Amino acid sequence: MSDLPFDAVLFDCDGVLVDSEPITNRVLAEMLGELGWKLSTEESMRTFTGKAVRDEAALIEARTGFAITPEWLAGFRERRNIALHADLLAIPGAVDAVRRVHALAGGRIACASGADLHKVEFQLVKVGLHDFFTGYVFSGHDTPRSKPFPDVYLAAAAALGADPVRCAVVEDTVTGVTAGVAAGATVFGYSPPGMAGLGHSDPDAMRAVGASVVFTDMSQLPDVLAAWRAPR
């Protein structure tokens, strides 16, 4: 039984639950630099946040002349994972927010990410969130299409036995908001002040693709969800 106006709450992972984007993009910028495309971590974040690196192979090849191979992607994931294991932290306020939402939603929450499942799982374990999502962690790598398509959110809602229209989605990028809206969910956009383009999308950009609410502090989320009333 939920004390929220939703049957389930579906969370993105990177940038919503864990502060992984600066770490991932630091490694990505280093590896792209080795291929001849020199860009800073911040420039990498502006280019790649919210997107799967494998889906940007054409852009990387256009800028470097190097055809992205499964072996290169495997090397990227290995170096990225080493860095994440060493440096990853939760988004400020996320652990308590998830604990509260889990209680309010009667345990009906899921994590639905565009990243590979191994990465999502170990990140949740590292920051102490995995127990809240056990059995309900989903990767866009395991669905026919990843974000901005809705497949991973539809899979998460189906596993919870929830109508996507009765779900809340928590996202922080235009790509993710687009996916949540396409699934039919009500999307809540997280955009901390001063971070637009640096791991999180601009509030106006998220609203433009259908975010119903944009909030600035993860500690606000349980109250924002509880206060939601659909427009008449």
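All residue numbers here refer to positions counted from 1 along the written sequence of the relevant chain. The model is predicted, so local features are restricted to residues of pLDDT at least 70 and side-chain atom pairs to those at 80 or more, both for listing and for counting; the totals for chains, interfaces and linings are taken over all residues. Only hydrogens and water are removed before side-chain values are computed, so all heavy atoms of the structure are retained for them.

Secondary structure follows DSSP: runs of H or I at least 4 residues long count as helices, runs of E at least 2 residues long count as strands, and numbering of each begins at the N terminus. Check the secondary structure of the protein and you find eleven helices and six strands. Computation of the radius of gyration draws on C-alpha atoms alone. For the globule rule, the value is 2.2 Å times the number of residues to the power 0.38. Taking 17 Å as the expected radius of gyration for a compact globule of 232 residues, we find that the protein reaches 17 Å, a close match to that expectation. Over its C-alpha atoms, taken along the principal directions, the protein stretches across nearly 55 × 35 × 35 Å. Residue burial is assigned from relative accessible area. The probe radius is 1.4 Å, only protein chains are included, and a residue is buried under 20% of its type maximum, exposed over 50%, and partly exposed in between. When each of the 232 residues of the protein is scored for burial, the buried share is 50%. A contact between two residues is defined here by any heavy atoms of the two lying within 4.5 Å. In the protein, 71% of the contacts between residues at least 6 apart in sequence involve partners at least 24 apart. Carbon and sulfur atoms provide 54% of the accessible area of the protein, an area that totals close to 9,900 Å². Only the protein chains shown count as cover for residues, and the accessible areas themselves come from Shrake-Rupley with a 1.4 Å probe.

Right, let's get into the packing of helix α4 (residues 70-87) against helix α6 (residues 117-126). Lines fitted to C-alpha atoms define the axes, with helix axes restricted to the stretch in contact, and inter-axis angles between N-to-C directions lie between 0 and 180 degrees. At a minimum axis distance of 10 Å, the contact between α4 and α6 shows a crossing angle of 10 degrees. When the axes of α4 and α6 are compared, the pair comes out roughly parallel. Touching Arg 80, Asn 81, Leu 84 and His 85 of α4 are His 118, Lys 119, Phe 122, Gln 123 and Lys 126, all from α6. Three categories are distinguished: nonpolar for Ala, Val, Leu, Ile, Met, Phe, Trp, Tyr, Cys and Pro, charged for Asp, Glu, Lys and Arg, and polar for the others, with Gly belonging to the last. The residue makeup of the contact of α4 with α6, split by class, is two nonpolar, four polar and three charged. An angle below 35 degrees is read as roughly parallel, one above 145 as roughly antiparallel, one from 65 to 115 as roughly perpendicular, and any other as oblique.

What follows concerns the pairing of strand β4 (residues 167-171). A large share of β4 lies buried, amounting to five of its five residues. The side-chain alternation of β4 yields two buried faces, one formed by Cys 167, Val 169 and Glu 171 and the other by Ala 168 and Val 170. Strands were regarded as paired on the criterion that DSSP finds at least two bridges between them. Bridge count for strand β1 (residues 8-11) against β4 is four bridges, and the pairing is parallel. The residue bridging Ala 8 from the neighbouring strand is Cys 167, located in β4. Note: β4 against strand β5 (residues 186-190), four bridges, orientation parallel. Bridging from a neighbouring strand, Val 169 pairs with Val 187 of β5.

Now for unusual backbone geometry. Between Lys 147 and the following residue, Pro 148, the backbone shows a cis peptide bond with an omega angle of 20 degrees. Among the secondary structure elements, Pro 148 is positioned in the loop between β3 (137-139) and α8 (151-159).

Between its first and last C-alpha, α4 extends 26 Å over 18 residues, near the 26 Å set by a 1.5 Å rise per residue. Listed as buried for α4 are Trp 72, Leu 73, Phe 76, Arg 80, Asn 81, Ala 83 and Leu 84. All buried residues of α4 fall inside an arc of 165 degrees around its axis, so they share one side. Relative to its buried face, α4 has exposed residues pointing more than 90 degrees away, namely Glu 71, Glu 78, Ile 82 and Ala 86. Here the buried face of α4 lies against α1 (21-34) and α6. Multiply 1.5 Å by the residue count of a helix minus one, and that product is the helix's expected span. What the arc describes is the spread of directions from the helix axis to the C-beta atoms.

With respect to topology, six strands assemble into an open sheet ordered β3-β2-β1-β4-β5-β6, the strand pairing being parallel. A strand with exactly one partner marks an edge of an open sheet, and here the two such strands are β3 and β6 (213-215). Looking at each pair of strands side by side, their axes are set apart by 25 degrees on average, direction ignored. The pairing of strand β2 (residues 109-113) with β3 spans three bridges and is parallel.

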